[in-house]
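Listed below, chain by chain, are the residues.
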Amino acid sequence: MAGAGLRAAARRWLLCGEQGGPRAASTSPSCPGCGPPGPGAHCPGTPRSAPVGGAELSAHLWARYQDMRRLVHDLLPPEVCSLLNPAAIYANNEISLRDVEVYGFDYDYTLAQYADVLHPEIFNAARDILIEHYKSLLMKIDAFHYVQLGTAYRGLQPVPDEEVIDLYGGTQHIPLYQMSGFYGKGPSIKQFMDIFSLPEMALLSCVVDHFLGHGLEFDQAHLYKDVTDAIRDVHVKGLMYQWIEQDMEKYILRGDETFAVLSRLVAHGKHLFLITNSPFSFVDKGMRHMVGPDWRQLFDVVIVQADKPSFFTDRRKPFRKLDEKGSLQWDRITRLEKGKIYRQGNLFDFLRLTEWRGPRVLYFGDHLYSDLADLMLRHGWRTGAIIPELEREIRIINTEQYMHSLTWQQALTGLLERMQTYQDAESRQVLAAWMKERQELRCITKALFNAQFGSIFRTFHNPTYFSRRLVRFSDLYMASLSCLLNYRVDFTFYPRRTPLQHEAPLWMDQLCTGCMKTPFLGDMAHIR
């Protein structure tokens, strides 16, 4: 009943046409969407008697404002919150699991999800490498910050908007050539696309802040390279692998759920394969922890140290087999055998030897470029992105504070759009007050996600660059692989229809009904 009431209210909203532009609904005193108004009530989409001007016009605008406040309050009863399920899977493209015969997986942050305590350790180890390189210059760098891209910072200090605009020649536009590298590495801008990037971003910010704070001159390109090399050394020298291997209970999350996903797929006759950049000894210990000693029997093919993303494009590297001790064998590979471990290789030989091609293959990974881009754009596989931050963002979206702030912000924007026709002095004061309130609401909703950078998916009302790449490179996205357990193996995912700017303003209809398309919403309420 609550859902029906919301939909009725949303239809009333649309008939009233408050979102701006010429209204298609009737403009008679008795609005067809709301019916005859009761005592003291007024439909915010139906004109009141025409105001003369001055104080009367100002009062008219504030009356419309209060009408809209009441409508938004009525549209959002308490049960409207918590509609989105953090354990759901979200679709960018229509895809039926019935058609998927082969499932592929990355390892780090896909099969194995790591606890946040890993990030400060990567940061500290890379910091120590830099300290050894720069000696006393960096001895005071000791902070770790969870930061996300979205706004401009120099070190740890925000760059004023005016300066950002000045840096880019009087505009906020970043030239395409600076960020057009296919794997997110333009000549002057690098896109950070996975969880492993957090320590690197934090360390780079802290180092720059330290140099600026102490008046030290530095070459930005060289400093960035040194930070990148320090983070890389943490991986190359095996430090991260050592930490995780020594205490898997501390670092690896949801191992039992990973085992459940893999076992379920095998039980339904699906083929599985693993392609990871991590070394076999590390993967083996992690999989034994999550799945058991016979984990290799679940996979038809296991490839380690694959060197993605060049694995997907470079035909030159051959497959090599590893023996039971992990030693490299030099025999020519003519077939990929179940239970065996292979190193490096390339996708073209993989396709030739397995004949797993096109949309019957679904591959999961956490890095949009290194894992998914080539597979979708060049090879026609279906792809699934693992976005651990999604779970937290959905929990924030489900809060009453977020829902009310966003809905009132949207309604206020509609008022501004329609009422801007009034341009006398007192009306402009009212509109300025509304603009100020709208900006405050935008800052509030942004800070709910991250005080410095906001949501990883939106910059105010626009999708972030990451969000646009996510839509382009993935058919599905989810917080963790365990979300698959909430769906049948023949389930069909349908993307939600989002209106284009020239289509009917259905944002409120999306809010009231779109969330209810989440499958098994009632049955899944118990899932975290």
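Residues numbered from 1 in each chain as written. Predicted model: local features only at pLDDT ≥ 70, side-chain atom pairs only at ≥ 80, totals over all residues. Heavy atoms only, no water.

1. A look at empty space enclosed by the protein
Cut-off, in case you're wondering: Definitions used throughout: a 1 Å grid over protein atoms alone; a cavity as a set of points that fits a 1.4 Å probe which cannot get out; a pocket as an open set with protein on both sides within 12 Å along at least five of seven lines; a lining residue as one with an atom within 4 Å of a point. Grid points are joined across faces, edges and corners, and a volume is the space filled by probe spheres set on the points. Each residue receives one of three labels: charged for Asp, Glu, Lys and Arg, nonpolar for Ala, Val, Leu, Ile, Met, Phe, Trp, Tyr, Cys and Pro, and polar for the others, Gly being one of them.
By the definition in use, this model includes 2 cavities of 30 Å³ or more. What the largest cavity holds in volume is close to 60 Å³. In terms of lining residues, the largest cavity is bounded by L97, Y103, V261, R264, L265, L484, L485, Y487, R488 and V489. Volume-wise, the second largest cavity comes out at about 40 Å³. Looking at the second largest cavity, the residues that line it are T110, Q113, R254, E257, T258, S480, L481 and S482. Of the residues in the lining of the second largest cavity, the class split is 1 nonpolar, 5 polar and 2 charged.

2. Observations regarding the environment of A260
Put simply, the rule is: Labels follow the DSSP assignment, with helices taken as runs of H or I lasting at least four residues and strands as runs of E lasting at least two, numbered in each case from the N terminus. Only protein chains enter the calculation, and the probe is 1.4 Å; a residue is then buried if its accessible area is under 20% of its type maximum, exposed if over 50%, and partly exposed in between.
Examined against the element boundaries, A260 turns out to sit in helix α9 (residues 255-267). We classify A260 as partly exposed; its relative accessible area is 31%. Linking A260 and L485, residues 225 residues apart in sequence, is a C-alpha distance of 7.7 Å.

3. Comments concerning the UniProt feature "active site" (unreviewed entry) in the chain
What counts, and what does not: UniProt positions are given in the numbering used here, feature names are shortened, and annotations may be inferred rather than shown by experiment. By the convention used here, residues are in contact when the closest approach between their heavy atoms is within 4.5 Å.
What UniProt calls "active site" (unreviewed entry) maps, in this numbering, to D106 and D108. In this structure, D106 sits in the loop between β3 (102-105) and β4 (113-114). On the basis of relative accessible area, D106 is assigned to the buried category, the value being 7%. Setting aside residues up to four positions removed in sequence, D106 forms contacts with L111, L274, I275, T276, K308, Y363, F364, G365, D366 and D371.

4. Details of the sheet that holds strand β11 (residues 341-344)
In plain terms, the rule: A strand pair is defined by DSSP finding two or more bridges across the two strands.
Reading across the sheet, the 9 strands line up as β1-β16-β13-β12-β3-β8-β9-β11-β10 and stay open at both edges, with mixed pairing between neighbours. In this open sheet, the two edge strands, each paired with only one partner strand, are β1 (90-91) and β10 (319-322). As paired elements, β1 and strand β16 (residues 476-478) share 2 bridges and run antiparallel to each other. The residue bridging Y90 from the neighbouring strand is Y477, located in β16.

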